[in-house]
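Summary of structural features
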Amino acid sequence: MAEPPPGLLLRFQRRFLAARPLRSLPWPELEQSLRTAPGSALLADILHKTVLHPLCVKYPPSAKYRRCFLTELIKKLESTTAEPLDELYEALGDVLKEEESTHCYKNYLLPTGDCVSLCESTALISGGTTGLLTWEAALHLAQWALQHPGLFRDRTILELGSGIGFTGIAICKTCQPRTFIFSDCHPRVLRQLRENIQLNGFIPEPDVTWSIQTESQGQEVEGENCQNPKVIVAELDWGSVTEKQLLGLRADVVIAADVVYDPELILALIGMLQKLSSSRADRKAPEVFIASTIRNPDTYQLFQAELDKVGIRWQVIPAHSSCNFLYDVQPDVTILQLFI
C-alpha cells in the first residue's frame, strides 16, 4: 500500500478538531491517495485521528459539523472499490442520534504540543453579541505571539476584547507571561471566558473591584511563576474606564484582535488608548499590537486616520508566512503595532 502524503493525517486532525470550514480540509490529497491505493485503511486512520480521537470525544465539535464530515468521508469511501468500513457508518449513526446544542467545542493543537480547547456558541450572534465565537484575527494574533514569545515572557499583558479567550489562553500556555489580564465588557462573554480559562487549567483570580486592583495590584502580587501565570478577568468598558484604573493594571504589553469593525468602537478604542498613554506615570509606555480582519477597507482606513489624527504612530507588522496550527492562512488579516 502506498503511503499517504506526509502530514495528510495531521492536517485532517488539526482542521477537524478546530472545526475549520470543511472545504479547507485536504480532500483533493485524500482523493489522490485513494486513487493511488484504493482501500479503507487510510480512511480508518483519519476517522481515529478525528471523530474517534479522545479530544473529540471529550470536547466535540457541533453534531452538524461531525455529521457533514462523516458524510463526506463515506462518499470518499464509496467512490473506491474498498470494502465497507463498519466503524465509519457506526460513527455517523451515533452522531445522527445526537440533538443539536447551542454550544460546541473547538480544539486548537498548537505547534508546541499544547492544546487550547474552547466552548463556543454555534450561532454567529448569540445573546446580542458576536463575542461568543473565535474570530480569524484572534487565531493569527496567537500564531504571531507564538513566534515572538520573548515579547510576552515575564511581563504583564492586557488583552482588550478577549472574547472567549483563544489568544490569551494560547499565550498563557506557551509564552510564559507573568500576569495575563483578559478583558471584555459583555456579561455573557465574560462568563464564557472564565469557563474557558478554567477548562484549560488556569484559575482566574477571584472577582475584585477596580478600586482594589488599582490600590493593591503591584509587583508583589503578580504571578510569581511564569510557568503558571497569574490570570485576571476584568470587566473593562473602554468609554468609562479611568486613567487611574488603567495605571493600576501595570500593563507592559496590550493586545487586541478583531476590535476594529465598527466606527463607534474605533473612537472608543482610541479614546481608551489615549487614557492608557497618559496614565503611565513614570512607567514605560506599553507596547500595543492590534490584529484585524479587513472586512471593510473603509472602516479600517478610518481607524488608521483616527490614529493619525490623535498623534498615535503605527506600523504594519509583516505577516507570517504560515499558520502552523491551522494550515489555512487568511491573507486579509493585518497586525498593527501602535506607539502610544
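As a reminder, the structure under discussion sits directly above these lines.
Now for a description of the structure that goes with this document. (Residues numbered from 1 in each chain as written. Predicted model: local features only at pLDDT ≥ 70, side-chain atom pairs only at ≥ 80, totals over all residues. Heavy atoms only, no water.)

This part covers the pairing of strand β2 (residues 115-121). Across the seven residues of β2, seven count as buried, placing the element largely inside the fold. The side-chain alternation of β2 yields two buried faces, one formed by Cys115, Ser117, Cys119 and Ser121 and the other by Val116, Leu118 and Glu120. Here seven bridges tie strand β1 (residues 103-109) to β2, and the two strands are oriented antiparallel to one another. Along β2, the bridge assignment pairs leucine 109 with cysteine 115. (Buried < 20%, exposed > 50% of the residue type's maximum accessible area, 1.4 Å probe, protein only. Helix = DSSP H or I, 4+ residues; strand = E, 2+ residues; numbered from the N terminus. Pairing = 2+ DSSP bridges.)

What follows is about the environment of proline 297. Turning to its location among the elements, proline 297 is positioned in helix α13 (residues 297-309). Separated by 36 residues in the primary sequence, proline 297 and tyrosine 261 have C-alpha atoms spaced 9.8 Å apart.

With 13 residues, α13 extends 18 Å between its outermost C-alpha atoms, agreeing within 8% with the 18 Å of an ideal straight helix rising 1.5 Å per residue. Along α13, the residues classified as buried are Thr299, Tyr300, Phe303, Gln304, Glu306 and Leu307. Buried residues of α13, seen end-on, are gathered within an arc of 160° and therefore sit on one face of the element. Seen from the buried face of α13, the exposed residues on the opposite side, beyond 90 degrees, are Asp298 and Lys309. (Expected span 1.5 Å × (residues − 1). Arc of directions from axis to C-beta.)

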